Amino acid sequence: DKWREFHDGIDKYGKIFWSNLEQRVIPAFQSKNQAEIDASIASLTGYYRQFMIFINAHDDFVLATIAMREQQSVASSDRSLNLSTGLAVLLGAFLALILFAGQRFVVRALTAISGVMTTLANGNLEVFIPFENRKDEVGDMARAVKVFRKQAQINHATKSENEYVIRTLGA
């Protein structure tokens, strides 16, 4: 109701201003009638004073409304900032979780495959090769290590057979 009253008053005084300007002030200046110019300006000044009284009467209401809207805006900004901060924290936690999972899922698997390769290089041809069933690059590496182990077993068997043949021939 207060805003409607304020709006209607602004509208009323605006219409009075433009009406006076169009119907009295401009024609008075066009006719160069000094008496009419003075009278129209005096009339317009009187309406301006009434308008200022109206504005001053509504000053507290307008300022209070502006202050309330400012508080609402600040509260809305605070909520947006809190939401953005919360989302950033969640995103950070999600990225940390992904890095942790990646470390556990990939780095540990690569470390295990590396250990198996070292064991094979040290001569243990019966070592278990983990991760052969994985459908990613780690699984590809495990299957490649299995091929190396199989070839090393074949080479070892061939070497053993050759040594047997050489011993037998030597005897």
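Everything in this summary refers to the structure shown in the same document. In this text the structure is predicted, and so the values were computed from the model without any measurement.

Look at helix H1 (residues 2–31) against helix H2 (residues 34–57): their axes get within 9 Å of each other, and the N-to-C directions meet at 170 degrees. With respect to H2, the axis of H1 lies roughly antiparallel. Across the interface between the two elements, Glu 5, Phe 6, Gly 9, Ile 10, Tyr 13, Ile 16, Phe 17, Asn 20, Arg 24, Val 25, Ala 28 and Phe 29 of H1 pack against Glu 36, Ile 37, Ala 39, Ser 40, Ile 41, Ser 43, Leu 44, Tyr 47, Gln 50, Phe 51, Phe 54 and Ile 55 of H2. Each residue belonging to the contact of H1 with H2 can be placed in one class, and the counts come to 16 nonpolar, 5 polar and 3 charged.

What follows is about the packing of H1 against helix H3 (residues 59–121). Put simply, H1 and H3 touch, their axes get as near as 11 Å, and they point 120 degrees apart. When the axis of H1 is compared with that of H3, the two are oblique. Note on packing geometry: the crossing formed by H1 with H3 is left-handed. The residues of H3 that touch H1, namely those facing Lys 2, Trp 3 and Phe 6, are Phe 61, Val 62 and Thr 65. A per-class count over the contact of H1 with H3 returns 4 nonpolar, 1 polar and 1 charged.

What follows deals with unusual backbone geometry. Its identity is not glycine, yet Lys 32 carries a phi of approximately 60 degrees, on the positive side. Here Lys 32 is to be found in the loop between H1 and H2. Phi at Phe 131 is positive, roughly 70 degrees, even though this residue is not glycine.

This next bit is on the side chain of Ser 40. Looking at the element boundaries, Ser 40 is found in helix H2. By relative accessible area, Ser 40 is classed as buried at 1%. At 3.0 Å, the side chain of Ser 40 and the backbone oxygen of Ile 37 are in polar contact.

Looking now at the nonpolar core. In this structure, Ile 113, Val 116, Leu 120, Leu 125, Val 127, Ile 129, Ala 142 and Val 145 together form the largest nonpolar core, which totals 8 residues. Listing elements by their share of this core, those giving two or more residues are H3 and helix H4 (137–170). The element that contributes the greatest number of residues to this core is H3, accounting for 3 residues. Sequence-distant contacts of Ile 129, that is, excluding residues within four places in its chain, are made with Val 116, Ala 142, Val 145, Lys 146 and Arg 149.

A few words on H2. For H2, built from 24 residues, the straight-helix expectation of 34 Å at 1.5 Å per residue is met to within 8% by its first-to-last C-alpha distance of 34 Å. Taken together, the buried positions of H2 are occupied by Ile 37, Ser 40, Ser 43, Leu 44 and Phe 54. In this structure, the buried residues of H2 make contact with H1.

This part takes up the pattern of salt bridges. Taken as a whole and judged by the stated rule, the model has 6 salt bridges. When the shortest N-O distance is used, the salt bridge between Asp 1 and Arg 4 registers 3.6 Å. When its relative accessible area of 78% is taken as the criterion, Asp 1 is described as exposed. One salt bridge in this structure joins Arg 134 and Asp 136, with 2.6 Å as the shortest N-O distance. For the pair formed by Arg 134 and Asp 136, the shared burial category is buried.

Analysis parameters
- Residues numbered from 1 in each chain as written.
- Predicted model: local features only at pLDDT ≥ 70, side-chain atom pairs only at ≥ 80, totals over all residues.
- Heavy atoms only, no water.
- Axes fitted to C-alpha atoms, helices over the stretch in contact; angles between N-to-C directions.
- Helix = DSSP H or I, 4+ residues; strand = E, 2+ residues; numbered from the N terminus.
- Parallel < 35°, antiparallel > 145°, perpendicular 65-115°, else oblique.
- Contact = heavy atoms within 4.5 Å.
- Nonpolar A, V, L, I, M, F, W, Y, C, P; charged D, E, K, R; others polar.
- Left-handed = near helix turned anticlockwise from the far one by under 90°.
- Buried < 20%, exposed > 50% of the residue type's maximum accessible area, 1.4 Å probe, protein only.
- Polar contact = N/O pair within 3.5 Å; in protein donor to acceptor, adjacent residues only side chain to side chain.
- Core = buried A, V, L, I, M, F, W, Y, C linked by side-chain atoms within 4.5 Å.
- Expected span 1.5 Å × (residues − 1).
- Salt bridge = Lys/Arg side-chain N within 4 Å of Asp/Glu carboxyl O.

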